[in-house]
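Single-letter residue listing:
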Amino acid sequence: MSASRTDNVPLPSRPVAAWNDFWFAAVDPVGLHRLRVLAGLVFLLWLLPFAGHVDTFFGLGGWFDQQAFREAASEAARFREEPPVPMWSLLYLCGTNATAVQAVYWASVVVLVLFTLGLWPRVTAALTYVVVASFTATPAVPYDADPLLILLAFTLMVGYLLLGQFARGVSLAERLLGPRDAFLLSRPAEGPRASAGANVAVRLLQVHFAVAVVASGLHKLQFGDWWSGLGYWSALHRPFETTVEEIKANRPMADTYLSLMSLAAYATLAWQIAFPAFAWRRGLWRVVLLGGAALAFVGCAFVLDLPLFGPLMVIGCLSYLTPAEWRRLDGLLAVMPGLRGLARVESPPPAKVAKATVVSGGHR
Amino acid sequence: MRHSPSPPRSSLPRWLTLAGSALLLYHLAAVGLGVLDAPSGPWPGPMGGGMAIAPAFAHNLAGPTTYTHGKLLKVAHSYHYFTNRTGTPSAFLEVRLKDNKGEALKNARGEPLVLRFPEKDANPWVRHRQGILARQLADDLPVEPPTGEVIAPPGGRVPTVDLWEPVADRRLTLRAVPQHLVPRDRPGIMGPSAWEMLLARAYARHLCRSHGAASAEIVRHTRETVPPVVLFNDLPPANFEDLVASYGEVSR
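Residues numbered from 1 in each chain as written. Chains lettered and ligands numbered in written order. Predicted model: local features only at pLDDT ≥ 70, side-chain atom pairs only at ≥ 80, totals over all residues.

Visitor: Outline the overall build of chain A, supporting the account with residue identities and numerical values.
Guide: On a plain count of helices and strands, chain A comes out with 18 helices and 0 strands. Looking at the 364 residues of chain A, the share that counts as buried comes to 41%. A sequence separation of at least 24 residues applies to 73% of the contacts in chain A between residues at least 6 apart. (Helix = DSSP H or I, 4+ residues; strand = E, 2+ residues; numbered from the N terminus. Buried ≥ 20, exposed ≤ 12 C-beta atoms within 10 Å, placed from the backbone. Contact = placed C-beta atoms within 7 Å.)

Visitor: Which residues make up the sheet that holds strand S3 (residues 90-98) of chain B, and what values go with them?
Guide: Residues and elements named next belong to chain B. On the basis of which strands lie adjacent, the open sheet formed by 6 strands has the order S4-S3-S9-S10-S7-S6 and mixed pairing. What marks the edges here is a single partner per strand, and that holds for strand S4 (114-117) and strand S6 (160-168). With direction set aside, neighbouring strand axes in the sheet form an average angle of 30°. Relative to strand S10 (residues 243-251), strand S7 (residues 171-178) runs parallel, the two being bridged by 3 bridges. Directly across from Thr173, in S10, lies its bridge partner Ser246. Packing of helix H4 (residues 194-211) onto the sheet brings it into contact with S3, S4, S6, strand S9 (215-223) and S10, and relative to S9 it is tilted by some 130°. (Pairing = 2+ DSSP bridges. Axes fitted to C-alpha atoms, helices over the stretch in contact; angles between N-to-C directions.)

Visitor: Could you give an account of the packing of helix H9 (residues 196-220) of chain A against helix H1 (residues 14-36) of chain B, with specific residues and numbers?
Guide: H1 of chain B packs onto H9 of chain A with a crossing angle of 10° between their chain directions and a minimal axis gap of 11 Å. Here H1 of chain B runs roughly parallel to H9 of chain A, going by the angle between their axes. From H9 of chain A, Val207, His208, Val211 and Ala215 of chain A reach across to H1 of chain B, where they touch Leu28, Val31, Gly32 and Val35 of chain B. In terms of residue class, the contact of H9 of chain A with H1 of chain B is made up of 6 nonpolar, 2 polar and no charged. (Parallel < 35°, antiparallel > 145°, perpendicular 65-115°, else oblique. Nonpolar A, V, L, I, M, F, W, Y, C, P; charged D, E, K, R; others polar.)

Visitor: If you had to explain the interface of chain A and chain B to someone new, which residues and values would you point to?
Guide: Taken together, the contacts link 73 residues of chain A with 66 residues of chain B. For the side of chain A that touches chain B, the secondary structure elements donating two or more residues are helix H1 (14-24), helix H4 (66-78), helix H7 (146-162), H9, helix H11 (233-236), helix H12 (244-248) and helix H13 (254-273) of chain A. Across the side of chain A that touches chain B, the residue classes tally to 42 nonpolar, 18 polar and 13 charged.

Visitor: Give a description of the environment of Asp255 of chain A that names residues and reports values.
Guide: Here Asp255 of chain A lies in helix H13. Considering only alpha carbons, one finds Asp255 of chain A and Trp285 of chain A, 30 residues apart in sequence, at a separation of 32 Å.

Scope: geometric values only; no functional claims are made or implied.
Here's what the structure looks like:
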């Protein structure tokens, strides 16, 4: 049986030591960098398709115009409630100026590209959070995946704002703009430097993502169809795309069909509600974690018509990988044709990270 | 056999771990309260399905965190996803536009212009968001007739409520009715929510602006999900046809 790092701590202090170790241990920031790249790609995948519809969806002259904001505020004031509209957005500054909205949109795309590449990450991570929070602030088209986008952007911003701030020998430029070795194609000569800031951010993402998964699972239990195992029925038989005749065609195998569907619904509920019990476990539990993420990806993209949810579920689940597991994934990436350039195979293995920390002063 | 344990790797100054821990605890409390401070339901009750309010402790404690994490940082959320709900109707919108003279705008072929959302030729991501636009208008609420007599204030009028009035088979039109005239003998009267009406007006204004029209009529098509019971029994096909509801003409 392996020992925990806090086993040599007196019993009364162990919870505190475990808390500090969980949140503030300095770790190889490889996970933070990889999550940034994946998140950046998802942010681009989310924002770029709106290219021809920017003012319509996001401008104050679009679907939800200035008058609608005023009406929402006065309606809320009548009932002494908070207006059901987001409090701030960069796009509010553009007013009804469609050109300004377009300018902000394309500037935001540039920010997301720079962030994905890891250029000046301290600045671009903060700007990415502002971009994501702004472009999700349109009350006419709220989508369930939007809060997960903001959560991802927020935790990555925290990570890059903290990364390397407590290290010695960091130049002013790096302190303001972020470490140079965050760049996607950089080959740091001295290897990765352990960082407590990276750990805080990844832990925040892990905990927050677990809360989201469990809360959503428990919410499903408020609906009888999930208890009946028919949670996926509506999604699989969308009203404008399914005819009664198509459903009747399944009559010969109705029992099998419903049994499989209810099994899938209960497997989803079990995976979501038990998520914290296996998300942090290694070994074969990784199959449950990542297998579930892969199924969620396929299901959301090709069956349930829930764009963005699949990639976000995968990123959320990958956040539980340890730096050593990320390094192993790098090794796998290196043998895939065309992707070797992205894998930092020459980076020192995790065992050397602590030494590198001492030598370089360390990114705490 | 126990391995020799390695010491905890945190080497941050004590003050920093204390300050960081305090911030983390506040953050985690905010995230947790964001989940708890949400209504739940609908739950079955003697008067039909009803929503249950959020627990009082969570609602009262969530005050400051709702502001910092919900409004400012936007990271507190209930994660009560709309897509967790089952059996919600699907919707699409048809919009007819008119010019200043009250004549219908025409398309390139000289036919009356009818816009449809989601647009069939839009890319899948835009079509998905347009689907959300349409679905937001499928948020009807039951209209309860007043239990007592409604009397107008001196010099004023009796407040009106918007309700859907059947005009033909599976066709509805919006009608503003004085509260005291809400039919008491017709169960299941539905009307659009205030938010739905606000959105319908906003959509109409936007489409008038973008097409140079003077007025727009938004027509909502909704259809219920075919229930699984069809796997075993036949149901009347009318249950699975479009319900068409017109919001009437909205001027720019």
